[in-house]
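# Tertiary structure, described
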Amino acid sequence: MTGKILVSACLMGHAVRYDGRSKPLVHPAIDRWREEGRLVTICPEMSAGMVVPRPPAEIAGGATGEDVIAGTAGVTEITGGDVTAEFRQAAENALALAQETGCRYALLIDGSPSCGSGFIYDGTFSGGRHPGNGVTAALLKQAGIEVYSDREIDLLAERIAADC
């Protein structure tokens, strides 16, 4: 086995999303990786002490996770609360777990201000979105971990097969 996969807990059926729901990803590769012991599950926000349910949060001002890491942008809740510190801690926790367990890859839920890697919401809470990484996805990528969205599971499966 050439590497473990850090996986968003909501994709594994855990009801940890901001709205108290999960978003299970059903795919033969998930079953195979589970049997092989490759999957390492985390909800970054929960690891940082955030509760479920919680108010929706977005990266403010159309910025990205890289901007949050750089300290030039923040994450705010729809209620106006600043949760930047929690999202930064969440990303650090996910990276630490990935490094401790030998994860070379991450399979994360797209759209999330934490886990998004193809798109994130634009900070207006209007449903507008733009290309970009959430805070956790950005930090994992900066550390050299290959990040795939839930929509890219076939691509990840091909990548892992090529590594074997």
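Residues numbered from 1 in each chain as written. Predicted model: local features only at pLDDT ≥ 70, side-chain atom pairs only at ≥ 80, totals over all residues. Heavy atoms only, no water.

Looking along a regular strand, one sees the side chains alternate between the two faces of the sheet. Burial analysis of strand β1 (residues 4-8) places four of its five residues in the buried class, which makes it a mostly covered element. In this sheet, strand β5 (residues 103-108) lies alongside β1 in parallel orientation, the contact comprising four bridges. Within the sheet, the bridge partner assigned to L6 lies in β5 and is A106. As judged from the four bridges shared by β1 and strand β2 (residues 39-42), these two strands associate in the parallel manner. When the sheet's bridge partners are listed, L6 is paired in β2 with V40. Handedness of the crossover is the feature at issue here: the chain leaves β1, passes through helix α1 (residues 28-35), returns alongside β2, and the resulting connection is right-handed. (Buried < 20%, exposed > 50% of the residue type's maximum accessible area, 1.4 Å probe, protein only. Helix = DSSP H or I, 4+ residues; strand = E, 2+ residues; numbered from the N terminus. Pairing = 2+ DSSP bridges. Right-handed = clockwise from strand over helix to strand, strands pointing away.)

So, about the packing of helix α4 (residues 84-101) against helix α5 (residues 135-142). Two elements in contact, α4 and α5, have axes separated by 8 Å at closest approach and are oriented at 40°. Of the possible angle classes, the one that applies to α4 and α5 is oblique. For the element pair α4 and α5, the recorded crossing hand is right-handed. Along its contact with α4, which presents F87, R88, A90, A91, E92, A94, L95 and A98, the element α5 presents V135, T136, L139 and L140. (Axes fitted to C-alpha atoms, helices over the stretch in contact; angles between N-to-C directions. Parallel < 35°, antiparallel > 145°, perpendicular 65-115°, else oblique. Left-handed = near helix turned anticlockwise from the far one by under 90°. Contact = heavy atoms within 4.5 Å.)

Here the focus is the packing of α1 against helix α6 (residues 153-163). The interhelical angle for the contact between α1 and α6, taken along N-to-C directions, is 45°, at an axis separation of 10 Å. It follows from the interaxial angle that α1 and α6 lie oblique. Here α1 and α6 pass one another in a crossing that is left-handed. Counting all contacts with α1, which are made through A29, I30, R32 and W33, the residues of α6 involved are I153, L156, A157 and I160. Considered class by class, the residues forming the contact of α1 with α6 number seven nonpolar, no polar and one charged. (Nonpolar A, V, L, I, M, F, W, Y, C, P; charged D, E, K, R; others polar.)

Bringing the side chain of T84 into the picture now. Looking at the element boundaries, T84 is found in helix α4. Of the residues examined, T84 reaches a relative accessible area of 13% and is grouped as buried. Side chain to side chain, T84 and D82 meet in a polar contact 2.6 Å long. The residues touching T84, leaving out its near neighbours within four places in the chain, are V68, A73, G74 and V75. (Polar contact = N/O pair within 3.5 Å; in protein donor to acceptor, adjacent residues only side chain to side chain.)

Glancing now at the environment of T76. For T76, the location among the structural elements is in strand β4 (residues 75-77). When the C-alpha atoms of T76 and H14 are compared, they prove to be 24 Å apart, with 62 residues separating the residues in sequence. In contact with T76, not counting residues within four places along its chain, are P56, A57, E58, A60, G81, V83 and F125.

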